Amino acid sequence: MIDRRQEERRKGERRESDQAPKYKEVRLGTLLISIAIIVAVIIGSIIAIRNYKHKKAIESIEKRHSGVYSCTFSIDGPKNSLSAGETAIFEIKASNIKAEDGITMLEGLLDYDYKIFDCNIEDIENGKWYKLSMLEDYLTMVRSDYMPSSEDQVIGRLVVKLREQVKPGNYQITFKNAIFTMDDNKDFSVEDVNIPITVK
């Protein structure tokens, strides 16, 4: 009797030891499948987020250039004909503003030849705008009260000085990629403004 029981026990242990590798294979396979699913979900989520951000960026660009919002952006001065070493002041203006409650910020790039011009942006005295920053000729102007306004307004002054050794001819300064911001971070772009300068 004892021998039979021992024999049966040995057979049972053999059966368990034969099945153990199979269970390990099943568990390892399940783990690998689970990891693959998790990785696929993460990659899918990253792609979905990127696509969403890209779509939103495209929508923002399309809206910015859609013409839904607009204004007349101009840079005007008393004269565009200067002599070497002479300084002229131009007013940066926004008029005919169609932008919900109005505009709160202007930004854009002042593009000019450093060998010909020395340019600077100044605030209007007792004005409602101030120069927030100008880094590498990229200008940001903000309303002093941070409140949107749709009235015709002078935003700032562009001070242009001709360098001493400038040869006579026709030159220009361009305000590029001008963007006006409204409330709720909505914005719109306007056409580049060219300022022709004739050197006598």
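Numbers given to residues run from 1 along each chain, matching the order in which its sequence is written. At least 70 in pLDDT is required for a residue's local features to be given in this predicted model, at least 80 for side-chain atom pairs to be given and counted, and no such filter applies to totals for whole chains, interfaces and linings, which use all residues. Side-chain measures here rest on the full set of heavy atoms in the structure, leaving out hydrogens and waters.

Attention now goes to the packing of aromatic side chains. Classification of ring pairs rests on two measures: the distance between centres of Phe, Tyr or Trp rings, Trp counted by its six-membered ring, which must be within 6.5 Å, and the angle between planes, read as stacked under 30 degrees, edge-to-face over 60 and tilted in between. Tallied over the entire structure, the rule returns six aromatic pairs. Between Tyr69 and Phe188, the ring centres sit 6.4 Å apart and the planes meet at 45°, which makes this aromatic pair tilted. Within this pair, whereas Tyr69 is found in the loop between α1 (2-64) and β1 (70-76), its partner Phe188 is found in strand β10 (residues 187-189), the two being separated by 119 residues in sequence. For Tyr69, a relative accessible area of 11% corresponds to the buried category. A residue is classified by how much of its surface remains accessible, and Phe188, at 0% relative accessible area, is buried. Taken together, the ring pairs connect Tyr69, Phe73, Phe175, Phe180 and Phe188 into an aromatic cluster. Helix and strand assignments come from DSSP, with helices taken as H or I runs of at least 4 residues and strands as E runs of at least 2, each series counted from the N terminus. Residue burial is assigned from relative accessible area. The probe radius is 1.4 Å, only protein chains are included, and a residue is buried under 20% of its type maximum, exposed over 50%, and partly exposed in between.

Looking now at the pairing of strand β4 (residues 105-111). Each pair of strands is called paired provided DSSP finds at least two bridges between the two strands. Where β4 lies against strand β7 (residues 138-143), five bridges are found, and the strand directions are antiparallel. Paired with Met105 across the strands is Val142, a residue of β7. In this sheet, strand β9 (residues 169-181) lies alongside β4 in antiparallel orientation, the contact comprising six bridges. Directly across from Asp111, in β9, lies its bridge partner Thr174.

Time to look at the nonpolar core. In this description, a nonpolar core means a group of buried Ala, Val, Leu, Ile, Met, Phe, Trp, Tyr and Cys residues linked to one another through side-chain atoms lying within 4.5 Å. In this structure, Phe73, Leu106, Leu158 and Phe180 are the most contacted members of the largest nonpolar core, which totals 38 residues. Those elements that place two or more of their residues in this core are β1, β3 (87-98), β4, β5 (117-122), β7, β8 (153-162), β9 and β11 (193-199). For this core, the element with the highest residue contribution is β3, accounting for five residues.

For the rest of this paragraph, the subject is the side chain of Ser149. Position of Ser149 relative to the elements: it lies in the loop between β7 and β8. What makes Ser149 buried here is its relative accessible area of 10%. Here a polar contact means two N or O atoms within 3.5 Å. Within protein one must be a hydrogen donor candidate and the other an acceptor candidate, and residues neighboring in sequence count only if both atoms are side-chain atoms. At a separation of 3.3 Å, a polar atom in the side chain of Ser149 contacts the main-chain amide nitrogen of Glu151. The contact definition used throughout considers only heavy atoms, calling two residues in contact when any of these lie within 4.5 Å. Here Ser149 is in contact with Ile97, Asp101, Gly102, Ile103 and Arg143, once residues within four sequence places are set aside.

The next subject is the environment of Ile116. Tracing the chain through its elements places Ile116 in the loop between β4 and β5. Not counting chain neighbours up to four residues away, the residues in contact with Ile116 comprise Lys161, Leu162, Arg163, Val166 and Tyr171.

Another point: the pattern of salt bridges. When a carboxyl oxygen of Asp or Glu lies within 4 Å of a side-chain nitrogen of Lys or Arg, that pair is called a salt bridge. Evaluation of the coordinates by the stated rule reveals seven salt bridges. A salt bridge links Glu91 to Lys93, with the nearest nitrogen and oxygen atoms 3.7 Å apart. With a shortest N-O distance of 3.4 Å, Arg157 and Glu122 are connected by a salt bridge. Note that Arg157 is positioned in strand β8 and Glu122 in strand β5, a separation of 35 residues in sequence. Through salt bridges that share partners, Asp76, Glu91 and Lys93 make up one connected network.

Moving on, we get to the sheet that holds β8. Ordered in space as β1-β3-β8-β5, the four strands form an open sheet in which the pairing is antiparallel. At either end of the open sheet lies a strand with only one pairing partner, and these are β1 and β5. Put simply, the sheet's adjacent strands are angled 20° from each other on average, direction ignored. In this analysis an axis means a line fitted to C-alpha atoms, helices contributing only their contacting stretch, and an angle means the value between N-to-C directions, from 0 to 180 degrees.

Quick look at a nonpolar patch on the surface now. What makes a patch is a set of residues exposed beyond 30% relative accessible area and free of salt bridges, joined within 9 Å when like-charged and within 5 Å when nonpolar (Val, Leu, Ile, Met, Phe, Trp, Tyr). Accessible areas in this description were obtained via Shrake-Rupley with a 1.4 Å probe; residue shielding takes into account the shown protein chains only. A surface patch of nonpolar side chains, about 630 Å² in accessible area, is lined by Leu28, Leu31, Leu32, Ile35, Val39, Ile43 and Ile47. Residue position: Val39 is located in helix α1. Take Val39: its relative accessible area is 39%, and that puts it in the partly exposed class.

Tracing the backbone shows Asp137 in the loop between β6 (129-135) and β7. His residues and chain termini do not enter the charge count, which takes Lys and Arg as positive and Asp and Glu as negative. Here Asp137 sits buried without a salt bridge, and the closest side chain of opposite charge, Lys131, lies 9.2 Å off (N-O distance). Sequence-distant contacts of Asp137, defined by excluding residues within four places in its chain, comprise Gly108, Leu109, Leu110, Tyr112 and Tyr114.

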